[in-house]
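The primary structure of each chain is shown beneath.
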Amino acid sequence: MSDHTLRKVALGAFDLDDDMDNIYFIQKVLSDGILDDDALANKLTDTRYYDMAKAFGFDLSVPNTALSSFADDIATKFEEQQFEIAIGDQDANMRLAMSLDRELAELSEKTTSDDGRWYSVMGNTALRSTLETALGLPNSLGSLDLDQQLKEFRDKTERYFGNSEISQFADPEARQEMLRLFLVRAELQSTSTQYSSAANALSLLSGAY
């Protein structure tokens, strides 16, 4: 935690760059790990902290940091995130699409129930927002009871894919179809916003004469 460069790479690998200065918070997340139900990462709704704590594994008898592959794994994740950020500087929707592809692939391989995978989606702010756009769900969905949110996600996924399970996205073709839905809807939203802004500006200009 005292090495700025190492901290930047570690946090950047999990898209947690904004936490660079939250040293004691991140130290608590890492030191607690995930095995104890009371561990901080298990209480946070943002699953990125859980993923980071699990990757480091400081609560294991032999932490993952002792593995010969650990440094390369973290460096690879960091490079992937930085590439997505660079793409996002040119096209924010494309960055979100790349992140969606990666995270759906990772989620589909998790050894948990499919409801558990969906709860992981709902606990990841960026992934959740991207899937809401792709599936045509409103931003207000988050105000509903959690079980109702799960039902809405499942129903929409069933409608478009004939299957409501996250595990289906282990198939690259299924992920590509989800990406296509996201990019189309994101573009439509962007066009609609631009049109509304132009219409408002025109209305104001018209009223000036």
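Refer to the preceding data block for the structure.
My aim in this report is to walk through the structure given alongside it, one point at a time.

Calculation notes
Residues numbered from 1 in each chain as written. Predicted model: local features only at pLDDT ≥ 70, side-chain atom pairs only at ≥ 80, totals over all residues. Heavy atoms only, no water. Helix = DSSP H or I, 4+ residues; strand = E, 2+ residues; numbered from the N terminus. Polar contact = N/O pair within 3.5 Å; in protein donor to acceptor, adjacent residues only side chain to side chain. Contact = heavy atoms within 4.5 Å. Buried < 20%, exposed > 50% of the residue type's maximum accessible area, 1.4 Å probe, protein only. Salt bridge = Lys/Arg side-chain N within 4 Å of Asp/Glu carboxyl O. Axes fitted to C-alpha atoms, helices over the stretch in contact; angles between N-to-C directions. Parallel < 35°, antiparallel > 145°, perpendicular 65-115°, else oblique. Nonpolar A, V, L, I, M, F, W, Y, C, P; charged D, E, K, R; others polar.

Considering the side chain of R154
- By the element assignment, R154 lies in helix α9 (residues 146-161).
- Side chain to side chain, R154 and E165 meet in a polar contact 3.1 Å long.
- The residues contacting R154, other than those within four sequence positions of it, are D114, D115, W118, S164 and E165.

A closer look at the environment of N124
- Inspection of the secondary structure assignment puts N124 in the loop between α7 (114-123) and α8 (125-135).
- Looking at N124, the relative accessible area reads 4%, which means it is buried.
- In contact with N124, not counting residues within four places along its chain, are T45, T47, R48 and E103.
- At 2.8 Å, the side chain of N124 and the side chain of E103 are in polar contact.

Description of the environment of A126
- By the element assignment, A126 lies in helix α8.
- Here the alpha-carbon distance between A126 and D46, two residues 80 residues apart in the chain, equals 9.4 Å.

Things to note about the pattern of salt bridges
- All told, the structure shown has 13 salt bridges when counted by the stated rule.
- For D32, the salt bridge goes to K28, with nearest N and O atoms at 3.3 Å. With a gap of four residues between them, D32 and K28 both fall in helix α2 (residues 23-32), about one helical turn apart.
- With a relative accessible area of 18%, D32 lands in the buried category.
- On the accessibility criterion, K28 (42% relative accessible area) is partly exposed.
- Here K110 and D51 are joined by a salt bridge, their closest N and O atoms 3.7 Å apart. One end of the pair, K110, is in the loop between α6 (92-108) and α7; the other, D51, is in helix α4 (residues 47-56), and 59 residues separate them in sequence.
- For K110, a relative accessible area of 24% translates into the label partly exposed.
- Taking the relative accessible area as the measure of exposure, D51 reaches 27% and is therefore partly exposed.

As for the packing of α6 against α8
- Contact geometry of α6 with α8 gives a least axis separation of 10 Å together with a crossing angle of 105 degrees. In terms of axis orientation, α6 runs roughly perpendicular to α8. Every residue of α8 that contacts α6 at L96, L100, E103, L104 and L107 is listed here: L127, T130 and L131.
- Of the residues that constitute the contact of α6 with α8, the class distribution is six nonpolar, one polar and one charged.

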